Amino acid sequence: MAKHLNISRINELKNNAHDNIESYNDPDTPNALAKFTSQIRAILLADPGMLDSVPEYLPVALYDRVKFSPESKRQWAHWISLNIHPSWDEFKTSIAFNNADLPLALAVRKYSEDLLIESCAVVYLLETQGESAPKQIADEDDSDGLHEHERDENDDDNDYDSDEEGYYDQYDEDIE
């Protein structure tokens, strides 16, 4: 039987993560959020069990570090709208972690694969349903399939190797 996403839990995680992000997102201290998320990633890598008491820290740690292609944004929108919990194989092809974050993703997956998937759903929601209007993900694409803001963001994504051969194979091997 197919698993379902716990949308109420995901929304609660989203609200808590959003509050944490906003508290560090201050124009007077522009590096505060980056420093905080860097510290959180290091702490969670050392002790993923900490997520039992503060599960919202994982989406905060992954915020602005997980990339979604236009196609995967459509897939995530579908999963969330129908409360579908993606399988691991579906999930791993719908996201691109920064290579520096792979050890954290592996540690969290070993600790709780469901929490990793939920946290990426939260990151997706934070990116698409934040305080401003949601990004368009369907009918209004330019001829290359990207909106102008997505095209600009993707120009600088050289440190994300989601299309690299063997990227996800390495990701799976460390867990099995």
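Residues numbered from 1 in each chain as written. Predicted model: local features only at pLDDT ≥ 70, side-chain atom pairs only at ≥ 80, totals over all residues. Heavy atoms only, no water.

**Description of the overall build of the chain**
A tally of regular secondary structure across the chain gives 9 helices and 2 strands. Helices and strands in the chain line up, N terminus first, as α-α-α-β-α-α-β-α-α-α-α. Buried residues in the chain amount to 42% of all 176 residues. Carbon together with sulfur atoms contributes 44% to the accessible area of the chain, which is approximately 9,600 Å² in total. (Helix = DSSP H or I, 4+ residues; strand = E, 2+ residues; numbered from the N terminus. Buried < 20%, exposed > 50% of the residue type's maximum accessible area, 1.4 Å probe, protein only. Areas by Shrake-Rupley, 256 points an atom, 1.4 Å probe, with all protein chains shown as cover.)

**A few points about the packing of helix α2 (residues 32-46) against helix α6 (residues 102-111)**
In the contact formed by α2 and α6, the axes pass within 9 Å of each other and the chain directions differ by 45 degrees. Compared by their axis directions, α2 and α6 come out oblique. Judged by the sense of rotation from one axis to the other, the crossing of α2 with α6 is left-handed. Of α6, the residues touching α2 (which contributes R41, L44 and L45) are P103, L104 and A107. Here the residues of the contact of α2 with α6 sort into 5 nonpolar, no polar and 1 charged. (Axes fitted to C-alpha atoms, helices over the stretch in contact; angles between N-to-C directions. Parallel < 35°, antiparallel > 145°, perpendicular 65-115°, else oblique. Left-handed = near helix turned anticlockwise from the far one by under 90°. Contact = heavy atoms within 4.5 Å. Nonpolar A, V, L, I, M, F, W, Y, C, P; charged D, E, K, R; others polar.)

**Observations concerning the environment of T93**
The topology assignment puts T93 in the loop between α5 (88-92) and β2 (96-97). The sequence separation of T93 and S72 amounts to 21 residues, and the corresponding C-alpha distance is 8.1 Å. Among the polar contacts made by the side chain of T93, one reaches the main-chain carbonyl oxygen of E90 at a distance of 3.1 Å. (Polar contact = N/O pair within 3.5 Å; in protein donor to acceptor, adjacent residues only side chain to side chain.)

**Describing the pattern of salt bridges**
Taken as a whole, this structure holds 7 salt bridges when the rule is applied. The shortest N-O distance in the salt bridge between D101 and R65 comes to 2.7 Å. Of the two residues, D101 sits in the loop between β2 and α6 while R65 sits in the loop between α3 (57-62) and β1 (66-67), which places them 36 residues apart along the sequence. Taking the relative accessible area as the measure of exposure, D101 reaches 3% and is therefore buried. A salt bridge links E71 to R74, with the shortest nitrogen-to-oxygen separation between them at 3.2 Å. With a gap of 3 residues between them, E71 and R74 both fall in helix α4 (residues 70-81), about one helical turn apart. (Salt bridge = Lys/Arg side-chain N within 4 Å of Asp/Glu carboxyl O.)

**So, the environment of V66**
The residue V66 is located in strand β1 in this model. It is 7.6 Å that separates the C-alpha atoms of V66 and V123, two residues lying 57 residues apart in sequence. When near neighbours in sequence (up to four residues on either side) are disregarded, V66 contacts I95, A96, F97, V123 and E127.

**Here we look at the confidence of the model for the chain**
On average, residues of the chain carry a pLDDT of 80, and 73% of them reach 70 or more. Note on residues 130-170: pLDDT is under 50 here. Beyond four places in sequence and across chains, it has 53 contacts. (pLDDT = per-residue confidence, 0-100.)

**Examining the packing of aromatic side chains**
Here the structure, examined in full by the defined rule, presents 8 aromatic pairs. For the ring pair F36 and Y57, a centre distance of 5.9 Å and an interplane angle of 85 degrees mean the geometry is edge-to-face. Residue F36 is located in helix α2, and its partner Y57 is located in helix α3; the two are separated by 21 residues in the primary sequence. Take F36: its relative accessible area is 9%, and that puts it in the buried class. The class for Y57 is buried, based on a relative accessible area of 18%. Ring centres 5.0 Å apart and planes at 80 degrees place the aromatic pair W76 and W79 in the edge-to-face group. One end of the pair is W76 and the other is W79, both in helix α4 and 3 residues apart, which spans about a single turn. By the burial criterion, W76 is buried, and W79 matches it. Members of the aromatic cluster, each reached through a chain of ring pairs, are F68, W76, W79, W88, F91 and Y124. Here R109 stacks its cationic end above the ring of W88, 3.8 Å away from the centre of that ring. (Phe/Tyr/Trp six-rings, centres within 6.5 Å; stacked < 30°, edge-to-face > 60°. Lys NZ or Arg CZ within 6 Å of the ring centre and 35° of its normal.)

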